[in-house]
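Notes for the structure review
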Amino acid sequence: MTTVEQNTGVPRQPGEPRHRAEPSAGASRATGGRPRVRRRVFRPRRMVPAMIVAAVLVVVSALAAAGIIAALAGRRLDILHADAATRWLAGLSWSDPVAKVIGAVVVLVGLLLVVTAIVPGRPRVVALNCAEPDVVAGITRRGLRCVAAVAAADVDGVDRVRAKARGRRVRVKVNTPLRDSADASAVAGRTRKAVEQAMDDLDLARPVRVAVRVRRSG
Amino acid sequence: MNRRTARGNRLGLIIVGVLLIAAGAFALGRGFGVIPRLPGGAPVLSAPERRMANTADWFWPVAAIVAIVVLLIAVRWLFVQGRSSKIANLRVDGGSAGRTRMPARVVTRAVEQDAAEAAGVLRARATLIGSRARPGLRLDVTADERADWPRMRTDITGRVRHDLRDCLELDRLPTVVRVRMATAGGRNPDLV
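If you're wondering where the values come from, they're calculated on a predicted model, not measured in any experiment. (Residues numbered from 1 in each chain as written. Chains lettered and ligands numbered in written order. Predicted model: local features only at pLDDT ≥ 70, side-chain atom pairs only at ≥ 80, totals over all residues. Heavy atoms only, no water.)

**Description of the interface of chain A and chain B**
One widely used convention gives an interface's size as the accessible area the parts lose upon coming together. At the interface, 76 residues of chain A touch 68 residues of chain B. Buried surface at the junction of chain A and chain B, summed over both partners, amounts to about 6200 Å²; 70% is from carbon and sulfur atoms. In this assembly, chain A and chain B are joined by two salt bridges. Across the pair B:Arg172 and A:Asp134 runs a salt bridge, and its minimum N-O distance is 2.6 Å. Where chain A touches chain B, the interface holds 22 residue pairs in polar contact (both at pLDDT 80 or more). With 16 residues, the single largest contributor to the side of chain A that touches chain B is helix α3 (residues 47-72) of chain A. Class assignment for the residues of the side of chain A that touches chain B results in 50 nonpolar, 11 polar and 15 charged. Bridge analysis of strand β3 (residues 135-140) of chain A against strand β5 (residues 175-181) of chain B gives five bridges, and the strand direction is parallel. Paired with A:Ala137 across the bridge in β5(B) is B:Val177. (Contact = heavy atoms within 4.5 Å. Buried area = accessible area lost by both parts, 1.4 Å probe. Salt bridge = Lys/Arg side-chain N within 4 Å of Asp/Glu carboxyl O. Polar contact = N/O pair within 3.5 Å; in protein donor to acceptor, adjacent residues only side chain to side chain. Helix = DSSP H or I, 4+ residues; strand = E, 2+ residues; numbered from the N terminus. Nonpolar A, V, L, I, M, F, W, Y, C, P; charged D, E, K, R; others polar. Pairing = 2+ DSSP bridges.)

**Digging into the environment of B:Pro135**
All names here are of chain B. Within the element layout of this structure, Pro135 appears in strand β4 (residues 135-143). On a C-alpha basis, the gap between Pro135 and Arg178 in space is 17 Å, while along the polypeptide they are 43 residues apart. When near neighbours in sequence (up to four residues on either side) are disregarded, Pro135 contacts Ile87, Leu90, Ile129, Leu170, Leu173 and Pro174.

**Re the packing of α3(A) against helix α3 (residues 59-79) of chain B**
Relative orientation of the contacting elements α3(A) and α3(B) amounts to 150°, with a least axis distance of 8 Å. Overall, the two elements α3(A) and α3(B) adopt an arrangement that is roughly antiparallel. As α3(A) packs across α3(B), the resulting crossing turns out to be left-handed. When the residues that make up the contact of α3(A) with α3(B) are grouped by side-chain class, the tally is 25 nonpolar, one polar and no charged. (Axes fitted to C-alpha atoms, helices over the stretch in contact; angles between N-to-C directions. Parallel < 35°, antiparallel > 145°, perpendicular 65-115°, else oblique. Left-handed = near helix turned anticlockwise from the far one by under 90°.)

**Some remarks on the sheet that holds β3(A)**
The sheet built from five strands is open, its strands ordered β2(A)-β3(A)-β5(B)-β4(B)-β3(B) with mixed pairing. Unpaired on one side and paired on the other, β2 (125-128) of chain A together with β3 (121-130) of chain B mark the two borders of the sheet. Neighbour-to-neighbour, the strand axes of this sheet turn through a mean angle of 25°, independent of strand direction. The sheet contacts of helix α6 (residues 141-153) of chain A involve β2 and β3 of chain A together with β5 of chain B, and relative to β3(A) the element is tilted by about 70°. Sitting on the sheet, helix α5 (residues 149-168) of chain B touches β2 and β3 of chain A together with β3, β4 and β5 of chain B, and the angle it makes with β4(B) is about 145°.

**Comments concerning the pairing of β3(B)**
All names here are of chain B. With nine bridges joining them, β3 and β4 adopt antiparallel strand pairing. Bridging across to β4, Ala126 finds its partner in Leu139. Counted between consecutive antiparallel strands, the loop separating β3 from β4 contains four residues.

**Concerning α5(B)**
Residue and element names in this part refer to chain B. Counted at 1.5 Å a residue, the expected span for α5 with its 20 residues is 28 Å, and the 27 Å between its end C-alpha atoms agrees. Arg161 marks the point of greatest bend in α5, at about 30°. Along α5, the residues that are buried comprise Trp149, Met152, Arg153, Asp155, Ile156, Thr157, Gly158, Val160, Arg161, Leu164 and Leu168. One or two steps after α5, the chain reaches Glu169, where phi turns positive at roughly 55°. (Expected span 1.5 Å × (residues − 1). Bend = angle between axes of the 7 residues up to and from the residue. Buried < 20%, exposed > 50% of the residue type's maximum accessible area, 1.4 Å probe, protein only.)

**Re the environment of A:Pro120**
Along the polypeptide, A:Pro120 turns up in the loop between α5 (97-118) and β2. Given the relative accessible area of 45%, A:Pro120 is considered partly exposed. C-alpha of A:Pro120 to C-alpha of A:Glu196: the two residues are 76 residues apart in sequence and 26 Å apart in space. Excluding residues within four positions of it along the chain, A:Pro120 makes contact with A:Arg43, A:Pro44, A:Arg46 and B:Arg10.

**What about the confidence of the model for chain A?**
Residues and elements named next belong to chain A. In this model, chain A carries a mean pLDDT of 80, and residues with pLDDT of at least 70 account for 81%. Mean pLDDT across the secondary structure elements of chain A bottoms out at helix α1 (residues 25-30), with 38, and peaks at α5, with 96. Under a pLDDT of 50 for its full length, residues 1-5 has, in the predicted model, 17 contacts with residues more than four places off or in other chains. Taken together, the stretch residues 9-33 has pLDDT below 50 and engages in 45 contacts with residues farther than four places along the chain or on a different chain. (pLDDT = per-residue confidence, 0-100.)

Have a look at this one:
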């Protein structure tokens, strides 16, 4: 197990195959179109952050409402330790380091939430082109990995395969029993071609880069 | 789950985030004394503010209303997470004698069987989504790792979908197809 050969694919050349960049309005109709819809369908729904924020709001507002209403009704229900909090805030000055740290933390949490909301996020499903209008199709990232691994495993001179799909990149690591470095790089080339062909057959809405690494295990 | 929820989640996160940024920035601004006419050395809760809260009749009732409104919005936000756009029943035109309903399961089971016959498809799960008047189809397909993609795609988006569209007498049938592979991708025991 020694040398490592690398063979990194370049995204397809312009003008050539069917999926290149974001199609124009006309072209998008031809390829099954509405890339905006396509992208949104598979976008993460941000359920976990939303549920955390909503749950915190529920707890805090429920306690506050209960405390205030109890106080208005003449009862004491000091769940939030309102008196202690008031005393503490009355004794704390804005320029106190504690106040500044709290302010900074609040700003950071706010920024985090806004970024979470704005960043599209990494979809678990990768969109595929589809000729039919009204159809949005996608393949899971694991599925994509599997397709790449199967394509690579069929290549002559490949005996072990590992594939990863992340972002717009598919990385394939293969082992070859061939000892000669020229043979190994030929395997790398063939593997890359095979995986690229498989990706072409899938017809991904946004092309991926294929990178192949070959290890000589012989 | 549903796309409206996704949009709502992002909007809610933005609103809460912006409010937090504003509040934190105000606190920092006062702390560093950059806000004119508001000295940084003053206490966070000043004596006049406390007096106002205790003497003004409106203060605590308004605070209670605000807390309740926030509570209601937050509870709703939490509940819509479970909202799905699945339709359980379909309306079938039964003439003037009244409305006839058909469980969506009848249709989706047929679609699943139909899809499972497509080239390279091992299993399929269909769900009708959207509204009864304008249903859409969600199809989760488990495919063979050596599926012939172009054929499978034409089979599903063509035959399966058209059959359903004809059966429901719809002009349009928005469809989302999600393909997964039968094996744990990339670490297929046959390959490694």
